[in-house]
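Take a look at the letters that make up each chain.
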Amino acid sequence: PTKDTFVGFENYLNGISTTSFVTAFFWSLFITVFSVLAIVIFTSMTAWYIVRVKSIFTSVLYYALVFSMIVPFQMVMFTMSKTANILRLDNPIGIIFIYLGFGAGLSVFMFTGFIKSISLEIEEAAMIDGCSPVQTFFLVVFPILKPTTVTVAILQAMWVWNDYLLPSLVLSVDYKTIPIAIQFLKQSHGQIDWGAMMAMLVLAIIPIIAFYLVCQKYIIKGVASGAVKG
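Model, not experiment: these values are computed from the prediction. (Residues numbered from 1 in each chain as written. Predicted model: local features only at pLDDT ≥ 70, side-chain atom pairs only at ≥ 80, totals over all residues. Heavy atoms only, no water.)

1. Digging into the side chain of T19
Spelled out, the test is: Secondary structure elements are defined from DSSP: runs of H or I of at least 4 residues count as helices, runs of E of at least 2 residues count as strands, and each element is numbered from the N terminus. Between buried and exposed lies partly exposed: a residue is buried under 20% and exposed over 50% of the maximum accessible area for its type, with that area taken using a 1.4 Å probe on protein chains only. Polar contact is the term for a pair of N or O atoms within 3.5 Å; when the atoms are in protein, one must be able to donate a hydrogen and the other to accept it, and sequence-neighboring residues count only if both atoms are side-chain atoms. For this analysis, residues touch if any pair of their heavy atoms sits within 4.5 Å.
With respect to the helices and strands, the residue T19 is situated in helix α1 (residues 10-19). Judged by its relative accessible area of 1%, T19 falls in the buried class. A distance of 2.6 Å separates a polar side-chain atom of T19 from the backbone oxygen of G15. In this structure, T19 is in contact with K176, A181, L185 and M200, ignoring residues within four places of it in sequence.

What follows is the structure in structure tokens.
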């Protein structure tokens, strides 16, 4: 590349038109938002159940989720992609369930450590006032989990937004996310439009950096709180 390669807004216009960046941005945003929402809601409920219900089942469930964090993705990616194809999860909605499965281990681990530090008397008082278990969780417990919730959301959003391997294995070419769309700038015989690629990478990292800067004050607090009794 020469210095002229990286000069001018033509790189941005060329990259957006070549990669269908707007469509890719929509699919990345859709998958990221709903994957993070699913991970936060379901894993926080799972962690609350594991902490409050003491049984062999919850112990096995907890250690199974923790163990899943140390299993390399490359070990399961062939089986996962085949299963996703059989179950027709090879679409933007189906991949949300796959992200939920892969993101559950770390999220449950962090939520569990924080919930152990919440006084049980608060939940008992809510139940005495007439709250059902579901109401107790969403009206009392979940608001207390805000620091850990934001931390989990940031970590998972950065992972899902920047992920290339999982969408490339699962999604068809009709649903290109931003990392996959940018990869199409690499042509045959090693030819790469460096100007357009660098411009698209800049556009790709701006949303996740903005999200991180807005929420970063909760990260250290959330990690420290989740490690209290983990």
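2. Here we look at the side chain of S35
Along the chain, the position of S35 falls in helix α2 (residues 21-52). Given a relative accessible area of 0%, S35 falls into the buried group. A polar atom in the side chain of S35 sits 2.6 Å from the backbone oxygen of I31. When residues no more than four places from it in sequence are discounted, the contact partners of S35 are I96, Y99 and V160.

3. Comments concerning the nonpolar core
The condition that has to hold: Side-chain atoms within 4.5 Å are what join buried Ala, Val, Leu, Ile, Met, Phe, Trp, Tyr and Cys residues into a set we call a nonpolar core.
By size, the foremost hydrophobic cluster in this structure holds 36 residues, and its most contacted members are I115, L145 and I178. When residues of this core are traced back to their parent elements, those giving at least two are α2, α3 (56-68), α5 (94-115), α7 (133-144), α8 (146-162), α10 (178-183) and α11 (194-215). Looking at this core, the element that brings in the most residues is α2, giving 9 residues. With residues up to four places along the chain from it excluded, the contact list for I115 reads S44, A47, W48, V51, R52 and L145. Formed by 11 residues, the second largest nonpolar core is a distinct cluster that contains F73, M80, V170 and L171.

4. Brief notes about α7
Selection rule: Working rule for helices: expected span equals 1.5 Å times residues minus one. Our arc is simply the arc of the directions from the helix axis toward the C-beta atoms.
In this model, α7 (12 residues) spans 16 Å end to end at C-alpha, consistent with the 16 Å of a helix rising 1.5 Å per residue. Listed as buried for α7 are T136, F137, V140 and V141. Down the axis, α7 shows its buried residues gathered within 125 degrees of arc, on one side only. Projecting away from the buried face of α7 at angles above 90 degrees are the exposed residues V134 and L139. Those residues of α7 that are buried are in contact with α2 and α6 (120-128).

5. Regarding the environment of Y175
In this fold, Y175 is placed in the loop between α9 (165-170) and α10. In this structure the C-alpha to C-alpha distance between Y175 and N91, which are 84 residues apart in sequence, comes to 7.3 Å. Residues contacting Y175, with those up to four places away along its chain left out, are W27, N91 and P92.

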